[in-house]
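Structure at a glance
These are the residues of each chain, in order.
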Amino acid sequence: MPEKLVQIEPKPPRGDWRNPKVEFRKGAMCYSAAAKNLTYLGLPNARAWQPTDSDWKLPPDWKQIILNGMKDRLGKYRSFRLFMDICVRCGACADKCHFYLGSADPKNMPVARAELIRSVYRRYFTLTGRLFGSLAGGRELTEDVIKEWFYYFYQCTECRRCSVFCPYGIDTAEITMMGRELLNLIGCNINWVLEPAANCFRTGNHLGIQPHGFKDSIDFAAGEAAEITGLDIEVPINRKGAEILFVMPSADYFATPHYYTLLGYLMLFREIGLDYTVSAYASEGGNFGFFSSHEMMKRLNAKIYDEAKRLGVKWILGGECGHMWRVLHQYMDTMNGPADFLEVPVSPVTGTVFEHARSTKMVHICEFTADLIHHGKLKLDPRRNDHWNVTYHDSCNPARGMGLLEEPRYILNHVSRNFHEMPENTIREQTFCCGSGAGLGTDENLETRLRGGFPRANAVKYVKQKYGVNLLTCICAIDKATLPTLLEYWVPGVEVGGVHELLGNALVMTGEKERTTDLRGEPLATAEAPVGGESEAAHA
Ligand code: SF4
Ligand code: SF4
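What you see is a predicted model, and the numbers here were worked out from it, not measured in a lab.

**Things to note about the site of ligand 1**
In the neighbourhood of ligand 1, the contacting residues comprise Cys87, Val88, Arg89, Cys90, Gly91, Ala92, Cys93, Val111, Cys166, Pro167, Tyr168 and Ile170. Looking at the shell around ligand 1 residue by residue, the classes come out as 10 nonpolar, 1 polar and 1 charged.

Pasting the structure below:
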């Protein structure tokens, strides 16, 4: 019951914080990765084990493997070494992590999470640590430390909220990424990350949907969009010579509420006559390799440029997804680029040159749509969304990872008359994570997820009570998958949807039949006046 989880009692740690003992229990931990997935991905130490086992069956030389791995990464990643050295323990980040706020576990403070690995760094890689050990803040690397890393690095969603508040710019998400990479070296990984990654290698998407299944799903969605609008809607698949390759997270074509966002995309593309194709090979924009290691991220990401080249498109458009955009925006160009065979993206409808995508050649669907609206290219009837009182959750990666703050709001303010912001310290750069990103959106750790998502849910509750908000919009596939559970627990009565779902509702398409339902099949709102409180759209 919510009353039970909300009993959060911040207590100072008992005993020495350096004691690494952790208790693994169901609800608060993720299960280990299945051996078959490690084998498939070529990762070491494939075996049957669980975090609750006393013997984790580590390789005999596990300690040397970890220390060698640290040495290698300290040399390779300047940020890693800097983050190990420059923290002054000011505590500015301490109460900024949603996992700390929701659990009161002191080791969920970002500074403490980083200290788990920093203490080992001090002991083995600094002169004072080698000479004075624990007196210099060093800590021996033991099997219990490995278990503690596993527990806390899989209790961080790599959301980077803490980094916004650090005066030194320390990014604890990157430290978590390093921790997970090191754990990978000795075969300590979780199944909810490696199974989707293995599926991606096999079939191009996280769920392992094969090309004919992909085609069926896309055709089905096109049929539904046609039924709602009365128009012929066809979706080209693997079409060589198209101008644009459209890549989306696979959840858009196999899960709800994501699916309604897909309907919105298809209607938009039909209305503007976009010359595009989707791909059965690049059928996943998401990248669970990102939650495992840099190398895995690179291997999974490569298919997007490869497919763009094979199909001979000019540039790439990407759908509503979270970490997909952090990978595309921050890493793809240098990891698998430069994509010199592509052109600088230009909107075929408005002529806008997307200068910021000059290097990656990839544009976010919200940037693309906002530009269409800005140039008056879309006929919109926001009254069709009057049954929704809308708020917007800034998904961590598009917000903090690429600075996409205004475009979704611009669209929402044109497709809805009832848009209300959550409190300002919970949105934009300061947005609170859903609590289930970075591969933690599984069922076995539900208590951790509900605790981690508590600050976000609390802000939703505020706008529900103040404005009657009944729809939380977002542009991340993981959010769309996990926020419904979170809200059902903490704020029943608030649904979750995508920005392009509302766009699809409001879009008045040329020659369409009179619509009677929204994209969910619910009766279409026709009210003349906004429902609920005063709309911010009125002031836009
Ligand atoms: S805010 Fe930065 S410098 Fe201060 S304790 Fe946190 S990580 Fe260290
Ligand atoms: S990156 Fe996010 S989840 Fe990880 S420590 Fe920072 S605030 Fe917490």
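**Regarding the packing of helix α16 (residues 365-374) against helix α18 (residues 406-415)**
Think of two packed helices as two axes; the pair is described by the angle between the axes and how far apart they sit. With their axes 9 Å apart at the nearest point, α16 and α18 run at an angle of 45 degrees to one another. With respect to each other, α16 and α18 are oriented oblique. For the element pair α16 and α18, the recorded crossing hand is left-handed. Taking contact as the criterion, the partners of Cys366, Glu367, Thr369, Ala370, Ile373 and His374 in α16 are, on α18, Glu407, Pro408, Tyr410, Ile411 and His414.

**Re the domain arrangement of the chain**
Bring the parts together and some accessible area is lost; that lost area is often taken as the interface size. Domain parsing of the chain yields domain 1 (35-189), domain 2 (196-374) and domain 3 (382-538). Distance from the C-alpha centre of domain 1 to the C-alpha centre of domain 3: 34 Å. Counting residues at the interface gives 17 residues for domain 1 and 18 residues for domain 3. Around 1,400 Å² of area is buried between domain 1 and domain 3 when both sides are counted, 65% of it from carbon and sulfur atoms. Interface area lost by domain 1 to domain 3 is led by His98, Thr157 and Arg161, which between them contribute 35%. Our count for the domain 1 to domain 3 interface comes out at 0 salt bridges. Our count for the domain 1 to domain 3 interface comes out at 6 residue pairs in polar contact (both at pLDDT 80 or more). Elements supplying a minimum of two residues to the side of domain 1 that touches domain 3: α5 (98-103) and α9 (161-165). Per element, the largest residue contribution to the side of domain 1 that touches domain 3 is 5 residues, and it comes from α5.

**Looking at the pattern of salt bridges**
Using the criterion set out here, one finds 31 salt bridges in the structure. Between aspartate 171 and arginine 160 there is a salt bridge, with the nearest N and O atoms lying 2.8 Å from each other. With aspartate 171 in the loop between α9 and α10 (172-185) and arginine 160 in the loop between α8 (143-153) and α9, this residue pair connects regions lying 11 residues apart in the sequence. Here the two residues aspartate 171 and arginine 160 agree in accessibility, since each one is buried. Linked through salt bridges whose partners overlap, the residues forming this network are Asp72, Arg73, Lys76 and Glu181.

**Topic: a nonpolar patch on the surface**
On the surface, Leu127, Leu131, Phe132 and Leu135 cluster together to form a nonpolar patch covering roughly 500 Å² of accessible area. Position of leucine 131 relative to the elements: it lies in helix α7 (residues 127-132). By relative accessible area, leucine 131 is classed as exposed at 58%.

**Considerations on the nonpolar core**
Formed by 90 residues in total, the largest nonpolar core has its most connected members in Ile117, Leu141, Ile146, Trp149, Phe150 and Cys188. Excluding residues that lie within four positions of it along the chain, isoleucine 117 makes contacts with Met70, Phe80, Met84, Trp149, Phe153, Ile175, Gly179 and Leu182. Core analysis: the second largest hydrophobic core is formed by 78 residues, Ile209, Leu311, Val415 and Phe419 among them.

Each value, and the rule that gives it
- Residues numbered from 1 in each chain as written.
- Chains lettered and ligands numbered in written order.
- Predicted model: local features only at pLDDT ≥ 70, side-chain atom pairs only at ≥ 80, totals over all residues.
- Heavy atoms only, no water.
- Near = heavy atom within 4 Å.
- Nonpolar A, V, L, I, M, F, W, Y, C, P; charged D, E, K, R; others polar.
- Axes fitted to C-alpha atoms, helices over the stretch in contact; angles between N-to-C directions.
- Helix = DSSP H or I, 4+ residues; strand = E, 2+ residues; numbered from the N terminus.
- Parallel < 35°, antiparallel > 145°, perpendicular 65-115°, else oblique.
- Left-handed = near helix turned anticlockwise from the far one by under 90°.
- Contact = heavy atoms within 4.5 Å.
- Domains from an automatic or database assignment.
- Buried area = accessible area lost by both parts, 1.4 Å probe.
- Salt bridge = Lys/Arg side-chain N within 4 Å of Asp/Glu carboxyl O.
- Polar contact = N/O pair within 3.5 Å; in protein donor to acceptor, adjacent residues only side chain to side chain.
- Buried < 20%, exposed > 50% of the residue type's maximum accessible area, 1.4 Å probe, protein only.
- Patch = residues over 30% accessible without salt bridge, like charges linked within 9 Å, V, L, I, M, F, W, Y side chains within 5 Å.
- Areas by Shrake-Rupley, 256 points an atom, 1.4 Å probe, with all protein chains shown as cover.
- Core = buried A, V, L, I, M, F, W, Y, C linked by side-chain atoms within 4.5 Å.

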